[in-house]
Amino acid sequence: MSHIELSEQEILRRESLQKLRDLGIDPYPAALYPVDAYAHNLKQDFEDGKEVCLAGRMMSQRIMGKASFAELQDASGRIQVYFNRDEICPDEDKTLYNEVFKKLLDLGDFIGVKGRVFKTQVGEISVHVHSFTVLSKSLRPLPLPKTDTDGNVHDAFTDPELRYRQRYVDLVVNPHVKEVFVKRTKLFNAMRHFFNEAGYMEVETPILQAIPGGASARPFITHHNALDIPLYMRIANELYLKRLIVGGFDGVYEFSKNFRNEGMDRTHNPEFTAMEIYVSYKDYNWMMDFTERLLEHCAMSVNGKTEATFGEHHIDFRAPYKRVTMRQSIIDFTGFDIDGKSEEELFAAAKGMGIAVDETMGKGKLIDEIFGAKCEGNYIQPTFITDYPKEMSPLCKVHRDNPELTERFELMVCGKEVANAYSELNDPIDQRERFEEQLRLQEKGDDEAMFIDQDFLRALEYGMPPTSGLGIGMDRLIMYLTNNASIQEILFFPQMRPETKSVKIELNENEQAIFAAMQKQGESVLPDLRAQFAEMSNKVWDNSVKTLTKNNLLKVSKENETLYIRLV
RNA sequence: GAUUCCGUAGCUCAGCUGGUAGAGCAAUACACUUUUAAUGUAUGGGCCCUGGGUUCGAAUCCCAGCGGGAUCACCA
């Protein structure tokens with residue numbers, strides 16, 4: 001089972017590993033290697049004759065007898081290194097060059113080199129190697145895309161399944177993949193910087209929650225043994241951040257890994273990252289100003305410009321963004337005015353627009369459906385949609401001018417929501433009623449309605465200052481900023497079905513029993529093993545053992561007239 | 001969940017209306033002291049995703065399963 005059949009190339013690499021050891025070379029040395037240079041910098045600032053020490057993976061080898069070129073890839077990029085036999089081996093013994101460098105090193109091995117920077121006749125900046133050190137042997141061949149002189153990539157490592165399952169290989173071999181993740185980190189840093197400059201505090205709140213609040217979604221459930229209670233992986237951190245505002249912090253934010261037990265597709269992963277920030281004494285109008293300045297700043301930090309390309313769309317994150325009320329948006333795209341309409345009227349209108357509706361939908365849900373179907377997709381440039389129906393926003397303050405609406409906005413980019421913000425509801429009595437309304441919706445059949453968090457209500461009863469909160473879908477934002485249509489491209493390790501690599505062999509009861517016994521013993525004399533299964537007939541025994549040996553699980557061998565059986 | 005496409009060497013891919021598996025790169029061996037998709041010559045490498053079926057014969061046709069992609073639905 002643990003035995004994996006090795007390919008020819010893997011066997012050869014293991015042999016090279018042993019030969020290195022036989023030559024007294026440790027293929028996995030412990031000592032630090034005194035790197036003082038990086039490929040990118042050496043090429044950027046060429047200094048002829050400079051002595052350098054660098055390390056990385058050997059990604060190509062061009063051997064020409066007594067001289068060779070190789071390419072070294074470190075974290076910053078690639079640089080060519082030049083090996084000369086008589087310089088690597090000044091004495092009679094040419095083993096280090098002829099054997100170690102030419103034969104025992106494979107592509108993908110980590111080596112360190114010390115040498116002098118120079119330019120070849122063809123003008124390639126290279127390092128003339130005086131000495132090299134094996135730093136780590138690679139036992140599996142990497143896929144090796146090659147770029148020709150015209151910049152065309154050949155044999156690119158493109159299979160999405162392999163790329164996501166073995167992201168480490170993807171990163172080694174596809175430099176553009178690395179760039180995406182560098183940008184992702186730049187985005188996080190830019191946001192942190194922006195918030196910290198504004199004087200707000202980064203905090204951490206529970207990921208394991210007794211009540212999964214703050215959003216409507218199906219949670220992952222787990223169990224705490226010592227307390228013997230169910231716990232949920234958080235679907236949002238909103239209610240905890242508000243508790244901190246109650247506690248007297250002025251502004252708090254958190255990059256929150258959230259978990260939702262729902263479908264996966266091009267834009268949804270079961271775990272994803274949201275950023276939430278809450279600032280006291282502000283309202284959603286202030287938050288719109290803050291958000292557009294924030295995103296302009298982030299786009300600049302990530303891409304060096306406010307414009308971004310996403311598929312066929314060209315978007316510009318330069319502030320300010322257009323602001324449209326939801327009512328106006330629906331008028332714009334359908335001609336229908338939702339203002340003052342009854343549930344029946346909205347139902348009929350939605351149905352008339354060809355939207356699938358059912359009786360469980362309340363007013364708010366109907367409006368949301370209309371907006372989702374007819375309006376949302378039209379907002380390519382960043383646009384604030386404001387003033388959502390009350391029913392859809394149970395944590396949001398009622399609109400100061402209209403009791404049917406809330407002070408909420410969503411930021412739409414490329415027809416999708418990127419951010420969501422409120423003037424936060426801080427009236428504890430209203431909040432309790434909203435939660436109870438959610439319960440009624442749940443009973444009516446809306447499986448998205450929220451749980452009631454009594455402790456959160458208690459906190460509000462102590463008093464929360466007027467506060468505005470903002471949530472940003474970080475994954476979606478980075479997709480826009482790096483022009484990736486798939487969330488799997490911007491997560492290091494997107495969720496995949498587990499690999500079921502081991503070939504499943506159906507064993508019957510007897511075969512399983514014998515195999516289990518062998519797994520414990522590892523090796524046995526055949527008659528001894530037979531004796532342990534005395535209840536089996538000879539025929540059953542014989543068939544079982546043959547099945548196991550045929551499937552390469554066990555092996556029988558004869559040594560000095562004794563039959564041994566062992567695990568393969 | 002539905003539809004659809006795909007699964008062949010380490011990687012990228014050919015393989016026709018069924019007849020015992022092919023290329024390039026990578027690997028191995030030899031040659032080669034400034035090359036760069038290095039070059040030249042030679043060689044090795046395959047559970048053709050898994051399991052069933054049809055057939056004298058299946059990588060190829062049929063069915064089922066597993067894994068992945070795309071689109072749609074659901075879902076923030």
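Notes on the structure in this doc start here. Quick caveat, the model's predicted, so the values are computed rather than measured.

Rules and cut-offs
- Residues numbered from 1 in each chain as written.
- Chains lettered and ligands numbered in written order.
- Predicted model: local features only at pLDDT ≥ 70, side-chain atom pairs only at ≥ 80, totals over all residues.
- Heavy atoms only, no water.
- Core = buried A, V, L, I, M, F, W, Y, C linked by side-chain atoms within 4.5 Å.
- Buried < 20%, exposed > 50% of the residue type's maximum accessible area, 1.4 Å probe, protein only.
- Contact = heavy atoms within 4.5 Å.
- Salt bridge = Lys/Arg side-chain N within 4 Å of Asp/Glu carboxyl O.
- Helix = DSSP H or I, 4+ residues; strand = E, 2+ residues; numbered from the N terminus.
- Pairing = 2+ DSSP bridges.
- Axes fitted to C-alpha atoms, helices over the stretch in contact; angles between N-to-C directions.
- Expected span 1.5 Å × (residues − 1).
- Polar contact = N/O pair within 3.5 Å; in protein donor to acceptor, adjacent residues only side chain to side chain.
- Phe/Tyr/Trp six-rings, centres within 6.5 Å; stacked < 30°, edge-to-face > 60°.
- Lys NZ or Arg CZ within 6 Å of the ring centre and 35° of its normal.

All right, on to the nonpolar core then. In terms of nonpolar packing, the biggest core is built from 48 residues, with M191, F317 and I472 touching the most fellow members. Excluding anything up to four places from it in sequence, F317 contacts E292, L295, E296, A299, T306, A308, P382, V413, L477 and L481. By size, the runner-up hydrophobic cluster in this structure holds 28 residues, among which are V52, Y97, V100 and F101.

Summed over all chains, the structure comprises 33 salt bridges. For the salt bridge of R458 with D455, the shortest nitrogen-to-oxygen distance reads 2.7 Å. With R458 and D455 both in helix α14 (residues 454-462) and 3 residues apart, this pair spans about one turn of that helix. Judged by its relative accessible area of 48%, R458 is partly exposed. A cluster of three or more residues bridged by salt bridges with shared partners is formed by R163, R167, D170 and E489.

So, on to the sheet that holds strand β20 (residues 467-473). Read across the sheet, 8 strands follow the order β8-β12-β13-β20-β19-β18-β17-β16 without closing on themselves; strand pairing throughout is mixed. Of all strands in the sheet, those with a lone pairing partner are β8 (201-202) and β16 (322-325), marking the two edges. Here 4 bridges tie strand β17 (residues 383-386) to strand β18 (residues 408-413), and the two strands are oriented antiparallel to one another. By the bridge assignment, F384 is partnered in β18 with L411. Sitting on the sheet, helix α9 (residues 284-303) touches β13 (271-280), β16, β17, β18, β19 (416-423) and β20, and the angle it makes with β20 is about 35 degrees. Sheet strands in contact with helix α15 (residues 474-482) are β12 (251-259), β13, β18, β19 and β20, and its direction is about 55 degrees off that of β20.

Turning our eyes to something else, we now look at α9. Taking 1.5 Å of rise per residue, 20 residues should cover 28 Å, and α9 covers 28 Å from first to last C-alpha, within 8% of that figure. Residues Y284, M287, M288, F290, T291, E292, L294, L295, C298, A299 and V302 constitute the buried set of α9. Where α9 starts, the residue carrying a side-chain oxygen 3.1 Å from the main-chain nitrogen of N285 turns out to be D283. A positive phi of about 75 degrees marks G304, the residue just after α9.

Regular strands place side chains that alternate from one sheet face to the opposite one. Side chains T383 and I385 project from β17 onto one buried face, and the interleaved F384 and T386 project onto a second face that is buried too. Pairing of β16 with β17, which is carried by 4 bridges, proceeds in the parallel orientation. The residue of β17 that forms the bridge with K322 is T383.

Covered by surrounding structure in strand β14 (residues 307-310) are A308 and F310 only, the residues E307 and T309 on the alternate face being uncovered. Pairing analysis gives 4 bridges linking β14 to strand β15 (residues 313-316), with the strands arranged antiparallel. The residue bridging T309 from the neighbouring strand is H314, located in β15. Linking β14 back to β15 in an antiparallel pair, the connection comprises 2 residues, with G311 at a positive phi of about 60 degrees.

So, about the side chain of S126. Inspection of the secondary structure puts S126 in strand β5 (residues 125-136). For S126, a relative accessible area of 0% gives the class buried. From its side chain, S126 meets the backbone oxygen of E124 in a polar contact 3.0 Å long. Sequence-distant contacts of S126, defined by excluding residues within four places in its chain, comprise Q80, R116, V117, F118 and T120.

Glancing now at the packing of aromatic side chains. Taken as a whole and assessed by the stated rule, the structure comprises 22 aromatic pairs. Their ring planes at 55 degrees and their centres at 4.8 Å tell us that F195 and Y253 sit as a pair that is tilted. On the criterion of sequence distance, the pair formed by F195 in helix α7 (residues 175-197) and Y253 in strand β12 is long-range, its members being 58 residues apart. Exposure class is identical for F195 and Y253. Each is buried. The rings of F188, F194, F195, Y200, Y253, F255, W286 and F290 are connected pair by pair, giving a single aromatic cluster. Directly above the aromatic system of Y388 lies the positively charged group of R408, at a separation of 4.7 Å from the ring centroid.

Turning our eyes to something else, we now look at the sheet that holds strand β10 (residues 221-224). Across the sheet, 3 strands lie side by side as β9-β11-β10; this open sheet has antiparallel pairing. Two strands lie at the open edges of the sheet, namely β9 (208-209) and β10, each paired on one side alone. Of the strand pairs in this sheet, β10 and strand β11 (residues 229-233) are connected by 4 bridges, and their pairing is antiparallel. The partner of T222 across the bridge, within β11, is L231.

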